Amino acid sequence: MPPVPDSPEGQCRLALGISFHGGAYEGWQSQSSGRTVQDRLEHALTQFVAQKSVTTLCAGRTDAGVHGLMQVVHFDSPVVRANNAWVRGTNRFLPPDIAVHWARPVPSSFHARACALSRRYAYVLLESPVRPSVEAGRVGWTFRPLQEQPMRFAAQTLLGEHDFSSFRASSCQALSPVKRMLRIEISRRGPYWRFEFEATAFLHHMIRNIMGCLIAVGSGQRPPSWMADVLCAKSRDAAAPTFSPDGLYFLGPVYDPAWNLPDRTNAFDWLP
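Reference entry: report on the structure contained in this document. (Residues numbered from 1 in each chain as written. Predicted model: local features only at pLDDT ≥ 70, side-chain atom pairs only at ≥ 80, totals over all residues. Heavy atoms only, no water.)

Among all positions in helix α2 (residues 83-92), only A85, W86, V87, G89 and T90 are buried. On its buried side, α2 packs onto β1 (13-20), α1 (37-48), β3 (67-76) and β4 (98-106). (Buried < 20%, exposed > 50% of the residue type's maximum accessible area, 1.4 Å probe, protein only. Helix = DSSP H or I, 4+ residues; strand = E, 2+ residues; numbered from the N terminus. Contact = heavy atoms within 4.5 Å.)

In structure tokens form, the structure reads like this:
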């Protein structure tokens, strides 16, 4: 059990909750190009604290084109500001597709990644004979009709602790392919499907590779039992092609309530 956060006085470590549209960025992780969400956030923070360099650590990295509804970062602040000042002041220097939703002082023992108990993602998929227009870049797309029950059956195969090598990108840097999938939920609202995943951690491209397999099952191209064959193969060659990043959203980490951090942002509310 982590310690209950101290009062704001004397705190120098801060946690921020951030949402972003990933379409214009090369993922979260800072790169030499400067075209990442982390680069933009750290530049805005540095401007807000009067050019004192700020480096952040996040709860979970995202790929190019992937969106975030509640990325959590922590950093050691060189200045003292009120919580709402961190939100308003940092947002002043951020582009319109990135926003800080909340700021909280945390103990020096808090670490955005290491303290996360699990991580959550959602994939939003449009089932339509016509490609997305207004939602372009915000939803995945399939023109084939999907059946819910076969996908639910296939998804159950992935629950629990498994070697997810079949769903791992060749560039994945994780030390182990063994992860524990805690929850997969599938729902539909009109032509929009929402697939929600929660696991202790995820491999590079893991959800997008699972989505490719679920859609193959839901469209009747593969039987539901095929998912177990893919999982047991422990080979990327056994699975479906990697699906589009457009509909993938990082919903954020789950922390012990003792850290007293928000569980969600208002950005959640518009998703189907």
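Below, the discussion takes up the side chain of D39. Looking at the element boundaries, D39 is found in helix α1. Of the buried charged residues, D39 lacks a salt bridge, with R40 as the closest side chain of opposite charge at 7.3 Å. Side-chain polar atoms of D39 contact the side chain of S30, separated by 2.4 Å. Setting aside anything within four residues of it in sequence, one finds D39 in contact with S30, Q31 and G34. (Lys, Arg positive; Asp, Glu negative; His and termini not counted. Salt bridge = Lys/Arg side-chain N within 4 Å of Asp/Glu carboxyl O. Polar contact = N/O pair within 3.5 Å; in protein donor to acceptor, adjacent residues only side chain to side chain.)

Okay, the nonpolar core next. Across soluble globular proteins, you tend to see nonpolar side chains buried next to one another. By size, the foremost hydrophobic cluster in this structure holds 39 residues, and its most contacted members are F167, M181, F195, F197, M211 and L214. Put simply, the parts of the chain that give this core at least two residues each are β5 (118-127), α3 (148-156), β8 (178-189), β9 (192-199), α4 (206-218), α5 (226-233) and β10 (248-254). Ranked by residue count, the leading element in this core is α4, at 9 residues. Those residues within four positions of M181 in sequence are excluded, and the remaining contacts are L158, L159, G160, F164, F197, E198, A199, F202, M206 and I210. The next biggest cluster of nonpolar side chains, apart from the first, holds 24 residues, and it includes A44, V54, V79 and I98. (Core = buried A, V, L, I, M, F, W, Y, C linked by side-chain atoms within 4.5 Å.)

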